[in-house]
Amino acid sequence: MQQTSGHTLKAFDEDIDRLRALISQMGGLAEHAIEEAMRCLVQRDTEGALVVVENDAKLDALEIETERRAVQLIALRAPMAGDLRDVVAALKISGVVERIGDYAKNIAKRVPQLENAGKIEPLSLLPEMARIATGMVHDVLDAFVERDAEVALQVCERDNAVDDFYDSIFRTLLTHMMENPHNIGQSAHLLFVAKNLERIGDHATNIAEMVYYAATGRHMAEKTRAGSRRS
Amino acid sequence: MKEKMPLTSTTPVPSPSAAIAADAQRRGPSTVDEAALPGGHRADEREPVGGSLGAAPAPVAVAPPVPSPGESPEAAPGRAPKMRAKSVSVFYGDNQALKDVSIDIHEDRVTAFIGPSGCGKSTFLRTLNRMNDTIAGARVTGNIELDGQDINSSAMDVVQLRARVGMVFQKPNPFPKSIYENVAYGPRIHGLSSSKAELDQIVEKSLKRAGLWDEVKDRLQDSGTALSGGQQQRLCIARAIAVDPEVILMDEPASALDPIATAKIEELIHELRGRYAIVIVTHNMQQAARVSQRTAFFHLGEMVEYGKTSEIFTNPRERRTQDYITGRYG
Amino acid sequence: MSSAPDSLAATAAPSRWTGDAMRSRVRKRYVAERRFRALGFAAVALSGLFLAFLLITMASRGLGGFTQHEAALPVDFARSDLMIDPAALRGPQARETLAAVDLESALSQAATAAFGAEAGEMFGGAAVRALGEKLIADPGLLERRDTLWLPVASAIDVAAKHDGAEAAERMVEQLQARGAIRRSFNAGFLSASDATDPSAVGVWGALKGSFLTILVTMMLAFPVGVLAAVYLEEFAPRNRWTDAIEVSINNLAAVPSIIFGLLGLAVFLNVMHLPRSAPLVGGLTLALMTMPVIVIAGRNAIKSVPPSIRDAALGIGASKMQVVFHHVLPLALPGILTGTIIGMARALGETAPLLMIGMRAFIAAPPTGFTEPATVLPVQIFLWSDEVDRAFVEKTSAAIIVLLVFMLLMNGLAIYLRNRFERRW
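For every chain, the first residue of the written sequence is number 1, and numbering continues from 1 onward in sequence order. In the order they appear in the text, chains get letters beginning with A and ligands get numbers beginning with 1. Totals for whole chains, interfaces and linings use all residues, but because this is a predicted model, local features are given only for residues with pLDDT of at least 70 and pairs of side-chain atoms are given and counted only at 80 or more.

**Q** Explain the overall build of chain B to me, please; I cannot follow it from the model alone.
**A** Summing up its helical and strand segments, chain B has 11 helices and 10 strands in all. Counting other C-beta atoms within 10 Å of a residue's C-beta gives its exposure: the residue is buried at 20 or more, exposed at 12 or fewer, and partly exposed in between, where C-beta atoms are placed from the backbone. Split into buried and exposed, the 330 residues of chain B put 43% on the buried side. Nonlocal contacts in chain B, meaning residues at least 24 apart in sequence, comprise 68% of its contacts between residues at least 6 apart. Going along the chain from the N terminus, every DSSP run of H or I of four or more residues is numbered as a helix, and every run of E of two or more is numbered as a strand. By definition, residues are in contact whenever their C-beta atoms, placed on the basis of the backbone, come within 7 Å of each other.

The structure is reproduced here in structure tokens:
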């Protein structure tokens, strides 16, 4: 149900808007972290990777702030129905976004390990996968702000592409590892990077389910949700 | 139409959180409004509040079928409603205060009526025990039944009806008599006791059930109006209980009381629920959420939505209900 | 008010609340309040003054009526012309025996013998009565000599109290010189009835008549009035007819009382042929007059019972009748009793309607029943005030005092009853 009119208590509106703004902010930071981490990975930029790792602290702080505000809102405003779902969704989404940030940090942490690696073929696939994953995160958080259940559904479908990418990279890297045993170390890191990106896609899907529930009050039906084929 | 609620997942459980959710479903609800009833759960009442927010792919097969407003969603099969209203309209002169309200009231349940002021909820409450008869120019159309009997027909004695359907009012109004007399008056005029000893028993039982006995047992001859507000209201509840009603109507019973007295009244309502069908009108939404199992939202004389309290307050169907509940009304 | 920066607010505030314009307004307000209080006090003081004036005038004029002068008369019945058998005085025929004897001339003889030729008219009807009482009390008087204190005639009495005719004044001086005159409480005033001789008049007859009349009035007006009020307020439907009835009753309460007298004359006397001048008829007429007052007060009292009590009673299944008689009436009783007090006070003081139905006759003996001729205290006062004899002046005032006391007592009783039934809700 769309909420068009504001609360009679304007301060309530302000509180909810601030909460949403926090989520948007976290989303922006997380997206930036993924993009930066991937760039550093491709360009072997160790210093940039350090910055990404440090910036993760900001995301953690924002998550704590979001949780605090959400709890305060529940205590003081006694939100009901749509408002309640929004607040609980915001609470959970902040946790998930923080985890996404952690995955980006993990990717950045592996950059120094790949410093001395030569050219690894499958590396070129990763940026595309990251782009899709980042796009999912971006779109799903937009959907949260707009309370758009449709976009959330579409985001879920895009997870298939991410999973496909992962399968393909997995096979490619496996082949590469078998052909270049001296590069196994670095290839393994790339495998983990791919796994992290795939997890980011899954988390974006989780956020999409929360957005859907907050917007409609119903859970996504099984068939419309892309069932994750991996644990 | 009863929905099917599979208790275990039908797809392989991929993540630990799903297992926890499924287990919670099996264990039954731990929600405020479905506390353990004497006499066991009814099979249809085990849906947890709100469900999990999608974090676990717990199976939720189909969205529950949308019942038409007024029909009891998931009424237990075979259990007829205690009171049933069909297309009830109330006119004050030419002014229509209630438009075509249909609703079922079940026993063992607290039904709450919420809505902004002037929406007709108190008017509708008063039609249930024909208190609108006392207002000149009031006209009631439609059908209201108590145990299948039309209460507006000439075959129903309105005095008996009011003994079977008791009422507690917004402002506590004990009689200016002693506490004992307040409670004993009803049974006396209805001839419910044949001796003083029996009357004493009825008075004691009613005061105990109303949670007032311990506070007044030493001073039954004191004036009823000398009690505090909360005690007076409980006295009025004891007075209503003393005539052994089947339904208790409460018109904003706690709105004149402080929070502690309010909490006591709410706890009392919870205790009384098993014995009487209770209908409560309240303008305090949180109270309706705390106290009732079914909620009906009234707006401008219409009943907009009627359903389980847990659903109305987490996911109402109608835009007007949502607006009112979230404080966007007005 | 728009929020101004703090510095502005600091300078704006003084000029609003402590500025000259505001101060002069406040001063004017205080002056107006003081003026109002002074006016109120003056009004109360004026009323108090009028009341005091009334009471003092009445008291000064009337208290004398409660006293009378007595003269000491030496009697020697053995030597007089009186032929009375002492035995007869002891029996049941005592008063008849006395009535047959001319006590007056015997007294006149004795007075002349004691005080001279002018003393022939020294004793009047009161003395006759008093002598009779003394003889019945002590028939032995007939056989011996004695000095009896007997009330003097009204002319002497007036002369002794204020000033009267010359002859009477001289008589008084003579008596005073001999120490044969004294002032005492006039018990006869309260126990005797009307008489031609002012020294012998009493208010008891009128008092009894008033009491009987009021009894009839209340026994009729109270139940009918209360029941009418209950019906009109609780049971009657609200339509044009009941509105018309309400208007009629309100008007009835304002109708001049003499109209009720005419009504009583026309209906009770001419059509129903009830005994004229009886407390029954007086009571009926006054009941007609009092009932609207009770109905109006009753309706207001019933209207003021809070609807919450009614709702509470209805809510537990009390029938309409039970609500009215168990809850509404007990709470409305103080108001109803107040209305009754007002009605009764009015009825006690009514003269005009009772004059019209003939309660103005000369009643020498107190009424024995409701259908005996009687008079009421206000009428008695009116009749006495018409008398020429100067002695009646103080009797009239004394009767007014009795009336006031009577009214106070009855009002006091009603107020006591009302306070007993007063309940808080």
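**Q** How should I be thinking about the interface of chain B and chain C in this particular structure?
**A** The accessible area lost on association of the parts is a frequent measure of interface size. Tallying the contact residues gives 21 residues for chain B and 17 residues for chain C. Counting only elements with at least two residues in the side of chain B that touches chain C, the list comes to helix H3 (158-164), strand S6 (165-168), helix H4 (179-189) and helix H7 (229-242) of chain B. Of the residues forming the side of chain B that touches chain C, the biggest block, 4 residues, is contributed by H3(B). By the convention adopted, Pro, Cys, Tyr, Trp, Phe, Met, Ile, Leu, Val and Ala count as nonpolar, Lys, Arg, Asp and Glu as charged, and the other residues, Gly among them, as polar. Of the residues in the side of chain B that touches chain C, the class split is 11 nonpolar, 7 polar and 3 charged.

**Q** Even after reading the chapter, I still don't get the sheet that holds strand S3 (residues 181-185) of chain C, so can you show me in this structure?
**A** Within a beta sheet, neighbouring strands are joined by backbone hydrogen bonds and run either parallel or antiparallel to one another. Residue and element names in this part refer to chain C. The 3 strands lie next to each other as S2-S1-S3, forming an open sheet whose pairing is antiparallel. Unpaired on one side and paired on the other, strand S2 (145-151) and S3 mark the two borders of the sheet. Here the average twist between neighbouring strands, direction ignored, is 35 degrees. Only when DSSP finds a minimum of two bridges between them are two strands counted as paired. Pairing of strand S1 (residues 67-76) with S3, which is carried by 5 bridges, proceeds in the antiparallel orientation. Residue pairing across strands places Ala71 opposite Ile181, the latter belonging to S3. Lines fitted to C-alpha atoms define the axes here, with helix axes fitted over just the stretch in contact, and angles between the N-to-C directions of these axes take values from 0 to 180 degrees.

**Q** Which parts of the structure should I look at to understand the pairing of strand S4 (residues 138-146) of chain B?
**A** If a strand is regular, its side chains alternate between the two faces of the sheet. Residue and element names in this part refer to chain B. Relative to S4, strand S1 (residues 83-92) is paired through 8 bridges, and the arrangement is antiparallel. Bridge pairing in S4 links Ala85 to Ile144. Bridge analysis of S4 against strand S5 (residues 149-150) gives 2 bridges, and the strand direction is antiparallel. For Leu146, the partnering residue across the bridge sits in S5 and is Gln149. Counted along the chain from S4 to the antiparallel partner S5, the turn is 2 residues long, and its residue Asp147 has a positive phi close to 55 degrees.

**Q** How should I be thinking about the nonpolar core in this particular structure?
**A** Across soluble globular proteins, you tend to see nonpolar side chains buried next to one another. To form a nonpolar core, buried Ala, Val, Leu, Ile, Met, Phe, Trp, Tyr and Cys residues must be joined through C-beta atoms within 7 Å. With 246 residues, the main nonpolar core has Ala37(A), Val140(A) and Val211(A) as its most contacted residues. Setting aside residues no more than four positions away along its own chain, Val211(A) makes contact with Ala89(A), Val140(A), Ala143(A), Phe144(A) and Ala152(A).

**Q** How should I be thinking about unusual backbone geometry in this particular structure?
**A** In most cases, non-glycine residues show a negative phi, while peptide bonds are predominantly trans. Of note, the phi angle at Arg147(A) is positive, near 55 degrees, even though the residue is not glycine. Within the secondary structure layout, Arg147(A) lies in the loop between helix H4 (125-146) and helix H5 (149-179). Phi is positive for Asp100(B), close to 55 degrees, though the residue is something other than glycine. For Asp100(B), the location among the structural elements is in strand S2 (residues 95-105). Judged by C-beta crowding, with 15 C-beta atoms within 10 Å, Asp100(B) ranks as partly exposed.

**Q** Can you help me understand helix H5 (residues 103-115) of chain C in this one?
**A** Residues and elements named next belong to chain C. For H5, spanning 13 residues, the distance from its first C-alpha to its last is 18 Å, which sits close to the expected 18 Å at 1.5 Å a residue. Within the span of H5, buried status applies to Leu107, Ala110 and Ala111. Projected down its long axis, H5 shows its buried positions confined to an angular sector of 100 degrees, all on one face. At its buried positions, H5 is contacted by S1 and helix H6 (125-137). Helix span, as expected, comes to 1.5 Å for every residue beyond the first. Within this analysis, the arc is defined by the directions that extend from the helix axis to the C-beta atoms.

**Q** When you look at the packing of H5(C) against H6(C) in this model, what are you seeing that I'm missing?
**A** A pair of packed helices is characterised by two quantities: the angle between their axes and the separation of those axes. All names here are of chain C. At a minimum axis separation of 10 Å, H5 and H6 run at an interaxial angle of 100 degrees. Comparing their axes, H6 and H5 come out roughly perpendicular. Taking contact as the criterion, the partners of Leu103, Glu104 and Leu107 in H5 are, on H6, Ala127, Val128, Leu131 and Gly132. Classifying every residue of the contact of H5 with H6 by side-chain character gives 5 nonpolar, 1 polar and 1 charged. With respect to orientation, any angle under 35 degrees is reported as roughly parallel, any angle over 145 as roughly antiparallel, any angle of 65 to 115 as roughly perpendicular, and every other angle as oblique.

**Q** How should I be thinking about the environment of Leu125(A) in this particular structure?
**A** Residues and elements named next belong to chain A. With respect to the element layout, Leu125 can be found in helix H4. Along the primary structure Leu125 and Ala194 are separated by 69 residues, whereas in three dimensions their C-alpha atoms are 9.4 Å apart. Beyond its immediate sequence surroundings of up to four residues, Leu125 is in contact with Phe165, Ser168, Ile169 and Thr172.

**Q** Please clarify how the sheet that holds S5(B) should be interpreted in this entry.
**A** All names here are of chain B. Taken together, the 4 strands give an open sheet; going across it, the order is S2-S1-S4-S5, and neighbouring strands pair in antiparallel fashion. The strands lining the two open edges of the sheet, one partner per strand, are S2 and S5. Strands S1, S2 and S4 of the sheet are contacted by helix H2 (residues 121-128), whose axis makes an angle of about 120 degrees with S1.

**Q** What is the right way to look at helix H14 (residues 307-315) of chain C in this model?
**A** For an α-helix, 3.6 residues make a turn, and residues three or four places apart therefore share a direction. Buried within H14(C) we find Ala312(C), Ala313(C), Leu314(C) and Gly315(C). At the exit of H14(C) stands Gly317(C), carrying a positive phi of roughly 90 degrees.

**Q** Teacher, can you tell me more about the pairing of strand S8 (residues 277-281) of chain B here?
**A** Residue and element names in this part refer to chain B. Counting buried positions along S8 yields 5 of 5 residues, so the element is predominantly enclosed. Neither face of S8 is exposed, since Ala277, Val279 and Val281 on one face and Ile278 and Ile280 on the opposite face are all buried. Across 4 bridges, the pairing between strand S3 (residues 110-114) and S8 is parallel. Residue pairing for S8: Ala112 is matched across the bridge by Ile280. Sheet analysis places strand S7 (residues 247-251) next to S8, joined by 5 bridges and oriented parallel. Across the sheet, the residue bridging to Leu249 is Val279, located in S8.

Geometric descriptors of this kind do not, in isolation, establish any biological role.
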